[in-house]
Amino acid sequence: MQLPDRNLVESSADLFNRKLQTNYERLKDLLRPFDPSIPEELNVENLWSLSQRHHLDLDLFLRGQFNFETFKAQIAGDSQILPEKYLQNGQQLSRGRSVLTILDAVALYFGDEFCSNLLNRLQISGRRTFDPDEFLSMHLLVDLLTEVSRLGISNTDFRWLGFRSALVNRGTELGKIIYQFNTGDQIYRSMHEECMHFFDKNCKYEIQRLSKNSNEIKITTREQTQEIFKSRTVGSREVCLVRQGVYASMTLPVLGYPASIHESHCMHVDGDYCLYHLSWESPRSKPTPDL
Ligand SMILES: [Zn+2]
């Protein structure tokens, strides 16, 4: 095995240290008005202490991906601000309800503090609220799920993150419509007709087949989205898996549990579109409202 050039390693380390020192000076200048006891010297102990006091994600900071302007606004009390990379013009085509659904499942399994730390890793305040109908960038959703994937969870678990979508949306305008139906096919039809505007605008969702107990959905990336993101597809395999869970969850209002789902094509694996196959039993009676 050939060892890396010693001079190259040393110069890379020097460059890293210089950048880190510069960023630390910038951080001190920014924090001083809010924290008079800010430590002067850059060392691991001081950095750790600052990260704890000010919810600063050390991983982002050490990788040089820290946005100072976002942090400054958060320190000044703006908990709703998002990092600039999620505010690119035209890219806000996803919905807040996707983020709410994922955070609801993560909080249920790992607790609220874990959720807050997860957002912190994206430089989003744990106190930020998400409106189900607000438009957000797909990059936020992809980054959020990349952080979740560090837990080493399976494809089934990613689907599970979307399984509670109908419950999370229960009190919203969307929920008020889908909870009035008595059968799964009514809900899926409504989802693709009068309720379509509640969902994201990245993709086109088309019913290929619909019966009383099954459904086939084809999903393609809109041309406009491809132009905006300069990419044939947007999102990720993880986003697709969560979306499968969201689709399956739509039978919750009538069955009390999600439909079965499998995907025969995925745009993130082997093609230009995703094809979902859903099936469910006929309900004997409508479940109780608190399910
Ligand atoms: Zn897919």
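Criteria and thresholds
For every chain, the first residue of the written sequence is number 1, and numbering continues from 1 onward in sequence order. A pLDDT threshold of at least 70 governs which residues receive local features in this predicted model, and a stricter bar of 80 or more applies before side-chain atom pairs are shown or counted, although totals over entire chains, interfaces and linings include all residues. Only DSSP runs of H or I covering at least 4 residues are called helices, and only runs of E covering at least 2 are called strands; the numbering of each starts at the N terminus. Counting other C-beta atoms within 10 Å of its own, a residue is labelled buried from 20 upward, exposed at 12 or fewer, and partly exposed in the gap between, with every C-beta atom placed from the backbone. Here, strands pair whenever DSSP counts at least two bridges between them. As a rule, the C-alpha atoms of each element are fitted with a line to give its axis, helices using only the stretch in contact, and angles between N-to-C directions run from 0 to 180 degrees. We call two residues in contact when the distance between their C-beta atoms, placed using the backbone, is within 7 Å. To be clear, the arc concerns the directions from the helix axis to the C-beta atoms.

### Some details on the overall build of the chain
Phase 1: Assigned secondary structure in the chain consists of 14 helices and 6 strands.
Phase 2: Taken along the three principal axes of its C-alpha coordinates, the chain extends 70 × 45 × 35 Å.
Phase 3: Looking at the chain residue by residue over its 291 residues, the buried ones come to 30%.

### Quick look at the sheet that holds strand β6 (residues 273-279)
Phase 1: With respect to topology, 4 strands assemble into an open sheet ordered β3-β4-β6-β5, the strand pairing being antiparallel. For this open sheet the edge positions go to β3 (203-210) and β5 (260-265), each flanked by a neighbour on one side alone. Ignoring strand direction, the axes of neighbouring strands in this sheet form an average angle of 25°.
Phase 2: Here strand β4 (residues 214-221) pairs with β6 via 7 bridges, running antiparallel. Directly across from Thr220, in β6, lies its bridge partner Tyr273.
Phase 3: The sheet contacts of helix α11 (residues 184-192) involve β3 and β4, and relative to β3 the element is tilted by about 150°.
Phase 4: Most of the contacts of helix α13 (residues 237-249) go to β6, to which it runs at about 30°, and overall it touches β4, β5 and β6.

### Digging into α11
Phase 1: Those residues of α11 that fall on the buried side of the exposure criterion are Gly184, Ile187, Tyr188 and Met191. When α11 is viewed along its axis, its buried side chains cluster within an angular range of 95° and face the same direction.
Phase 2: For α11, the secondary structure elements touched by its buried residues are α10 (173-178), β3, β4 and α14 (252-255).

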